[in-house]
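Descriptive structure summary
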Amino acid sequence: SRHPGKSWLPCFHISDAPVTPLHDLPLYAGMAMKAGMDPYDALDAITINAAEHIGVADGSSLETGKDADLVICKGSPMEISGVVKYVFINGELVE
């Protein structure tokens, strides 16, 4: 468990894209943090927890043998000041 010794119920934020743009997911996580959610739990809510919920978690964590896309940010991706520096999809840098 990611929360040893604590009761834990996974939380996830899922967009109804294209009605709600996917780029709003960090906003949802930021709002959850403002309401008191731990920043790591907020990140999990828009990544691994959501992927597990819809059955596509194989590509949602960085582990040997998994197929994962990666976004590298300067600062927090859940804050306005956070800036996306690099995006890798299928192991290739997206320019």
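Placed above this text is the structure.
A brief report on the enclosed structure follows. Since the structure is predicted, the reported quantities are computational estimates derived from the model, not experimental observations.

**Considerations on the pairing of strand β2 (residues 83-89)**
- Looking at chain direction, strand β1 (residues 70-74) and β2 are connected through five bridges and run antiparallel. Paired with Val71 across the strands is Val87, a residue of β2.
- Relative to strand β3 (residues 92-93), β2 runs antiparallel, the two being bridged by two bridges. Looking at the pairing, Ile89 lines up with Glu92 of β3.
- The turn joining β2 and β3, which pair antiparallel and follow one another in sequence, is formed by two residues; a positive phi near 55° is taken by Asn90.

**Topic: the sheet that holds β1**
- Taken together, the three strands give an open sheet; going across it, the order is β1-β2-β3, and neighbouring strands pair in antiparallel fashion. On the outer flanks of this sheet lie β1 and β3, each paired with one strand and no other.

**Points about the environment of Ala57**
- Mapping Ala57 onto the fold places it in the loop between α3 (48-54) and β1.
- Judged by relative accessible area, Ala57 falls into the buried class, the value being 19%.
- Separated by eleven residues in the primary sequence, Ala57 and Ala68 place their C-alpha atoms 9.4 Å from one another.

**What about the layout of surface pockets?**
- Within this model, the largest pocket holds a volume of roughly 1400 Å³.
- If you go around the largest pocket, you meet 42 residues; those closest to its centre are Leu25, Leu43, Ile46, Thr47 and Val71.
- At the level of secondary structure, the elements contributing two or more residues to the lining of the largest pocket comprise α1 (25-34), α2 (39-46), α3, β1 and β2.
- Considering each element in turn, the lining of the largest pocket owes the most residues, six residues, to α1.
- Class assignment of the residues belonging to the lining of the largest pocket gives a composition of 26 nonpolar, ten polar and six charged.

Rules behind the numbers
- Throughout this description, residue numbers start from 1 for each chain and increase along the sequence as written.
- Local features in this predicted model are restricted to residues of pLDDT 70 or higher, and side-chain atom pairs are both shown and tallied only at a pLDDT of 80 or more, whereas totals for entire chains, interfaces and linings draw on every residue.
- Neither water nor hydrogens contribute to the side-chain values; these are computed over all heavy atoms in the structure.
- Note on pairing: DSSP must find at least two bridges between two strands before they are called paired.
- Elements are defined by DSSP. Helices are runs of H or I of four residues or more, strands are runs of E of two residues or more, and each kind is numbered from the N terminus.
- Residue burial is assigned from relative accessible area. The probe radius is 1.4 Å, only protein chains are included, and a residue is buried under 20% of its type maximum, exposed over 50%, and partly exposed in between.
- Only protein atoms enter the 1 Å grid, on which a cavity is a set of points fitting a 1.4 Å probe that cannot get out and a pocket is an open set with protein on both sides within 12 Å along at least 5 of 7 lines, lining residues being those with an atom within 4 Å of a point.
- Grid points are joined across faces, edges and corners, and a volume is the space filled by probe spheres set on the points.
- Each residue is assigned to one class: nonpolar for Ala, Val, Leu, Ile, Met, Phe, Trp, Tyr, Cys and Pro, charged for Asp, Glu, Lys and Arg, and polar for all the others, Gly among them.

Note that every value here comes from positions in space, so none of it alone points to a role or purpose.
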